[in-house]
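Given next are the chains, with one letter for each unit.
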Amino acid sequence: MLALTALTTPAHAAQQEALKMRWEVLRNELTASQPRTRARLSITALKGTPLPAQGWSLYFNTAYGVVTGPLDGRLMMEKVSGGLYRVRPAPGFKGLKAGRTLHVDYYFSDVLVKLERAPAGPYLVYDAEPEAAHAIGDYQVLLPTREEQLQRPAGQHVLVTPQDTYRRNAQSDVLPAAALPPVFPTPLSLRAGAGRVLLARAPQVISGPGLKYETAFARALFARYLPQGDGGRAPVPLRLRIGPVDAQQSPEAYELSISADDGINITGNTAAGVARGLQSLHDLLPLPSPSTVQIELPELDVTDAPRFAYRGFQLDVARNFQPKEVVLKTLDLMATYKLNKLHFHITDDEGWRLEIAGLPELTSLGAVRGHSAQQGVRLPPAYGSGPRIDDPHGSGYYTRAEYIEILRYAAARHIEVIPEVEMPGHARAAVKAMEARYRRMAAAGEKGAAQYLLNDFDDRSVYNSPQQYNDHVINPGMESSYAFIDHVVGQVAALHREAGVPLKTMHVGGDELPHGAWEKSPASQALMQREKLASIPDLWDYFYDRVDAILRKHGMTASGWEELGARRTAKEGAQQSPNPRFTQRGFSLYVWNNTPGNEDFAYRAANAGYDIVLAPVTNMYLDMAANANPEEPGVNWGAYVELDTVYNFKPLGAQLTDAGRQRIRGLEATLFSETVREARQLDYLMMPRLLAVAERAWAPDPAWAQAGDAVQAAALHRGAWSGFVNVLGQRVLPRLDLERGDVAYRIAPPGMVVEGGKVLVNHVLPGLTLRYTTDGSAPTVRSKVVSGPIAARGTISAAAFDRTGRAGLVARIVNR
């Protein structure tokens, strides 16, 4: 929902055109004792509108690392809140004449590699009109190209060249269509028959009870290919039923058989199994074509079940909001590739995205971002949302009716929605909303003003979160904090019941509570004395004891980030240890931190008795950029994640005991949305890497991962990887293009090398069309197709194209 009034009024529209702004990296300085980046904002006054000597501030968002303080040219760089900064004139600044450009040079405290830290959402505010914010529409981030802009510390964040890409792509073979794996993800067992089944008409769907959605899906599946009716002969039967699948206990297990004698049969242990079998049948259909008049299906028998019961995707709509339609599209994609858990990240510091009955401030303030000179009116701009409160990604939330619609849509596709309400950190939207509720009610003399208050006004704790907040933590010493949690949990549980999908677990955050939080809160200190708690880690345990009790009261168990089951340490960055306090509570830990020192924490926690969902940042965080090249979007604080980085993940570590192995519930791909505003940006980071997650979570443990001999393992891996990338490039992604056409997945740049005076070109996804030019210009759909080595001289540019004609990233190489 987004029903807000624009902050920028028509009277201010002219000011949007009065300034233009450019940003660039000037140079990365590696010779200093602390390597750093010097950046430049270039501000040009246009149309006869000078910038005065005093009385203005230029605001923008940036992720972290900006050095504040005096700048050259009598200017000041100041942090406002979180990632919101401003530049303002200091005494002695002479102003900027119309038509002139002001260069604002400043530093980052480290080397800037990815452009997600470039200023975003800039706007100008005059002191004389503090509530009138003027967005700067003419703003560009200039891509680094010069050597001094691209320098990095030795061996770190190395740029990927076309030659590097070519060598990486050469780790697979191009397969003919007949050699492609017939079903994706790889099934447990597939036995091919000798014949084929001809369909000239849509099959007759015959279904048992409890298969309403599956019956409708089956009919719609063939309707796009074949007409209805008998055509003079009886249609082939397509029988759907719920029944036992031989030797398989998973509720998603299914059997699919296709034969000339008996037609098409799908049996699932539950309706979910039938749905997964229908997706496999979908995979066997030819690619859509207007010329299709009949379909041939291969005779085969498939017995299939997922390797892991939990196969998830985390969608973050808190940092940047996405409308309901994007969520439904995401659910469709998940169902197509047999993923079954949507981890719905609906609250964070920068936004609360769900209507909660009885607490209107959670959405009237917590779901609204925009400029204001007053405290407690709305959340500040974040992640480039800019000054306007009607920005569709900074502001917005799901009404109760919309959330129920999402739940029912997911349930029809056998996807469980697990909402996440962040606590005790990452809670600024809730903290500020409840503070506004308190002040409103207290000013009106209403009773119960402090009933849901989350922060201690006398708290003098000193801390700073990774997102640069120091006022965003729920206080465990206040009984009102637990009243708030109980109310929210109860309301969310009620929405699930109304949707007909009772809530079994809620994700209750637990990550990144900054060291120093709670230490100087009188409310927390008083609680510690009453309860005889010796330390902040003990206070943490007390908090989650209370949260666990609330969840159990509402009939659910606790899920959370790994910190939920880790014993807090006094030293930041220390190795984590499983917390013995909660091992018997049924907690599910989502383990993201496999960075140095904590590589095996997931396995140690499983061995200790925690249920584990593996979501490792180095393999499964899809907000990570594919590589260090500046044109690649995404972040890089944890890793670079290419398609094969996901594919090559081995979920079960050697450290696991037999009991610990049983605690690994499955895998989750995580996509935080700091750099994602538009749906196309979500598509780009999510796909096709999500397909590698689907393969690794559903398919049996691959032979290459079990082979003890390195040479044998390499050969097995090449064969499996070749099958995977070929089926994506030749069938899975082309089908997505032709059936949907609205998924702007990443099309990687081609690999290129010069050998023997000719340019060789390849791609990670064989099957995509490669086109090239010989003058350095970007290829278009009218450019020549790469059909072999290119003998032309000059700057050869190449790009891959999908079935809709959309081009991917361009690679260039000089053939002299």
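Residues numbered from 1 in each chain as written. Predicted model: local features only at pLDDT ≥ 70, side-chain atom pairs only at ≥ 80, totals over all residues. Heavy atoms only, no water.

Enquirer: Would you mind going over empty space enclosed by the protein with me for this structure?
Expert: Sizing a probe to match a water molecule and rolling it over the atoms shows the empty space that remains. Counted by the stated rule, this structure contains four cavities of 30 Å³ or more. Here the largest cavity defines a volume of roughly 260 Å³. In terms of lining residues, the largest cavity is bounded by 18 residues, among which Asn-169, Glu-642, Arg-746, Ala-748 and Val-764 are the most central. Secondary-structure elements contributing two or more residues to the lining of the largest cavity are helix H3 (162–169) and helix H15 (643–647). The element contributing the most residues to the lining of the largest cavity is H3, with three residues. Residue classes in the lining of the largest cavity are distributed as nine nonpolar, four polar and five charged. Volume-wise, the second largest cavity comes out at about 50 Å³. For the second largest cavity, the full set of lining residues is Thr-347, Asp-348, Trp-352, Val-421, Glu-422, Met-423, His-426, Ala-427, Ala-430, Ile-474 and Phe-484. (1 Å grid on protein atoms, 1.4 Å probe; cavity = no way out; pocket = protein on both sides within 12 Å on 5 of 7 lines; lining within 4 Å. Points joined across faces, edges and corners; volume = space filled by probe spheres on them. Helix = DSSP H or I, 4+ residues; strand = E, 2+ residues; numbered from the N terminus. Nonpolar A, V, L, I, M, F, W, Y, C, P; charged D, E, K, R; others polar.)

Enquirer: Whenever I open this one, the environment of Ala-272 confuses me. Can you help?
Expert: By the element assignment, Ala-272 lies in helix H5 (residues 271–284). Taking relative accessible area as the criterion, Ala-272 reaches 11% and is therefore assigned buried. Distance from Ala-272 to Val-753, taken between C-alpha atoms, is 47 Å for residues 481 residues apart in sequence. Every residue in contact with Ala-272, bar those within four places of it in the chain, is listed here: Pro-251, Glu-252 and His-414. (Buried < 20%, exposed > 50% of the residue type's maximum accessible area, 1.4 Å probe, protein only. Contact = heavy atoms within 4.5 Å.)

Enquirer: Can you help me understand the pairing of strand S1 (residues 19–29) in this one?
Expert: Side-chain positions along a regular strand alternate between the two faces of the sheet. The element S1 is extensively covered by neighbouring structure, given that nine of its eleven residues are classed as buried. As paired strands, S1 and strand S2 (residues 36–45) are joined by ten bridges and run antiparallel to one another. Bridging from a neighbouring strand, Arg-27 pairs with Arg-38 of S2. (Pairing = 2+ DSSP bridges.)

Enquirer: It is not clear to me how the sheet that holds strand S4 (residues 69–71) should be interpreted in this structure. Could you clarify?
Expert: For sheets, the rule is that strands pair by backbone hydrogen bonds, running either parallel or antiparallel. Reading across the sheet, the six strands line up as S4-S5-S6-S3-S8-S9 and stay open at both edges, with antiparallel pairing between neighbours. Only two strands of the sheet have a single partner each, and these edge strands are S4 and strand S9 (129–135). Going across the sheet, the axis of each strand differs from the next one's by a mean of 30°, ignoring polarity. Pairing of strand S3 (residues 56–61) with strand S8 (residues 120–126), which is carried by five bridges, proceeds in the antiparallel orientation. Looking across to S8, one finds that Trp-56 is bridged to Tyr-126. (Axes fitted to C-alpha atoms, helices over the stretch in contact; angles between N-to-C directions.)

Enquirer: Just to check I follow, could you spell out the environment of Ile-356 for this structure?
Expert: The residue Ile-356 is located in the loop between strand S20 (351–352) and helix H7 (361–364) in this model. Spatially, the C-alpha atom of Ile-356 lies 38 Å from that of Arg-219, the residues being 137 residues apart in sequence. Contact partners of Ile-356, with chain neighbours within four places excluded, come to Leu-362, His-487, Val-488, Gln-491 and Val-492.

Enquirer: Help me understand the nonpolar core in this model?
Expert: Grouped burial of nonpolar side chains is what soluble globular proteins tend to show. Residues Phe-344 and Phe-484 are the most contacted members of the largest nonpolar core, which totals 154 residues. Non-local contacts of Phe-484, meaning those with residues more than four positions away in its chain, are made with Trp-352, Leu-359, Leu-362, Ala-430, Met-434, Tyr-452 and Leu-454. (Core = buried A, V, L, I, M, F, W, Y, C linked by side-chain atoms within 4.5 Å.)

Enquirer: Hey, could you run me through the side chain of Arg-152 in this one?
Expert: Structurally, Arg-152 can be placed in the loop between helix H2 (147–150) and H3. Look at Arg-152: it is buried, it has no salt bridge, and the nearest opposite charge is Glu-631 at 7.9 Å. Within the structure, the side chain of Arg-152 is placed 2.6 Å from the backbone oxygen of His-157, a separation counted as a polar contact. When sequence neighbours within four positions are dropped, the list of residues in contact with Arg-152 reads Leu-30, Val-113, His-157, Leu-159, Ala-628 and Pro-630. (Lys, Arg positive; Asp, Glu negative; His and termini not counted. Salt bridge = Lys/Arg side-chain N within 4 Å of Asp/Glu carboxyl O. Polar contact = N/O pair within 3.5 Å; in protein donor to acceptor, adjacent residues only side chain to side chain.)

Enquirer: Is there a simple way to think about the pattern of salt bridges in this case?
Expert: Close approach of charged atoms allows side chains of opposite charge to pair. Enumeration over the complete set of coordinates arrives at 53 salt bridges. In this structure, the salt-bridge partner of Asp-72 is Arg-38, at a minimum N-O distance of 3.7 Å. Separated by 34 residues along the polypeptide, Asp-72 in the loop between S4 and strand S5 (75–81) and Arg-38 in strand S2 bring together distant segments of the chain. For Asp-72, a relative accessible area of 58% puts it in the exposed group. Classification of Arg-38 by relative accessible area gives buried; the value is 13%. We note a salt bridge from Glu-405 to Lys-324, for which the minimum N-O separation is 2.8 Å. Of this pair, Glu-405 sits in helix H8 (residues 400–412) while Lys-324 sits in helix H6 (residues 324–336), and the two are 81 residues apart along the sequence.

Enquirer: Can you walk me through the pairing of strand S7 (residues 101–108) in this structure?
Expert: Most of S7 is tucked away, with six of its eight residues classed as buried. In terms of strand pairing, S2 meets S7 through eight bridges, oriented antiparallel. The residue of S7 that forms the bridge with Ile-43 is Leu-102.

Enquirer: Can you help me understand the side chain of His-496 in this one?
Expert: Checked against the element boundaries, His-496 lands in helix H10 (residues 479–499). Among all residues touching His-496, those that are not within four sequence positions of it are Tyr-403, Leu-407, Val-417, Pro-419, Val-501, Pro-502 and Leu-503.

Enquirer: Looking at this model, I keep getting lost on the sheet that holds strand S31 (residues 794–801). Mind explaining?
Expert: With respect to topology, four strands assemble into an open sheet ordered S30-S29-S31-S32, the strand pairing being antiparallel. Lying at the two open borders of the sheet, with one neighbouring strand each, are strand S30 (784–785) and strand S32 (811–815). The sheet contact formed by strand S29 (residues 769–773) and S31 spans five bridges and is antiparallel. Looking at S31, one finds that Thr-773 is bridged to Ser-797.

Enquirer: I would appreciate a short explanation of the packing of H10 against helix H12 (residues 536–553) in the present structure.
Expert: Axis separation between H10 and H12 bottoms out at 10 Å; the angle between their running directions is 30°. Relative to H12, H10 is oriented roughly parallel. Regarding H10 and H12, the two cross each other, and that crossing is right-handed. Contact residues: Glu-479, Tyr-482, Ile-485, Asp-486 and Val-489 in H10; Tyr-542, Phe-543, Arg-546, Val-547, Ile-550, Leu-551 and Lys-553 in H12. Residues belonging to the contact of H10 with H12 are distributed by class as follows: eight nonpolar, no polar and four charged. (Parallel < 35°, antiparallel > 145°, perpendicular 65-115°, else oblique. Left-handed = near helix turned anticlockwise from the far one by under 90°.)

Enquirer: Help me out: how do you make sense of the packing of aromatic side chains in this one?
Expert: Aromatic ring pairs are defined here through the distance separating the ring centres and the angle between the ring planes. Here the structure, examined in full by the defined rule, presents 28 aromatic pairs. Aromatic ring contacts, followed pair by pair, group Tyr-310, Trp-561, Tyr-590, Trp-592, Tyr-621, Trp-637 and Phe-672 into a single cluster. Directly above the aromatic system of Tyr-482 lies the positively charged group of Arg-546, at a separation of 4.0 Å from the ring centroid. Its guanidinium or amino end placed over the ring of Phe-801, Arg-771 lies 5.9 Å from that ring's centre, counting from NZ or CZ. (Phe/Tyr/Trp six-rings, centres within 6.5 Å; stacked < 30°, edge-to-face > 60°. Lys NZ or Arg CZ within 6 Å of the ring centre and 35° of its normal.)

Enquirer: Which parts of the structure should I look at to understand the packing of H6 against helix H17 (residues 679–686)?
Expert: Closest axis-to-axis distance for the H6/H17 pair is 11 Å, and the angle between their directions is 25°. For the element pair H6 / H17, the angle class is roughly parallel. Of the two elements, H6 crosses H17, and the hand of that crossing is right-handed. Across the interface between the two elements, Val-326, Lys-329, Thr-330 and Leu-333 of H6 pack against Ala-679, Leu-682, Asp-683 and Met-686 of H17. Across the contact of H6 with H17, the residue classes break down as five nonpolar, one polar and two charged.

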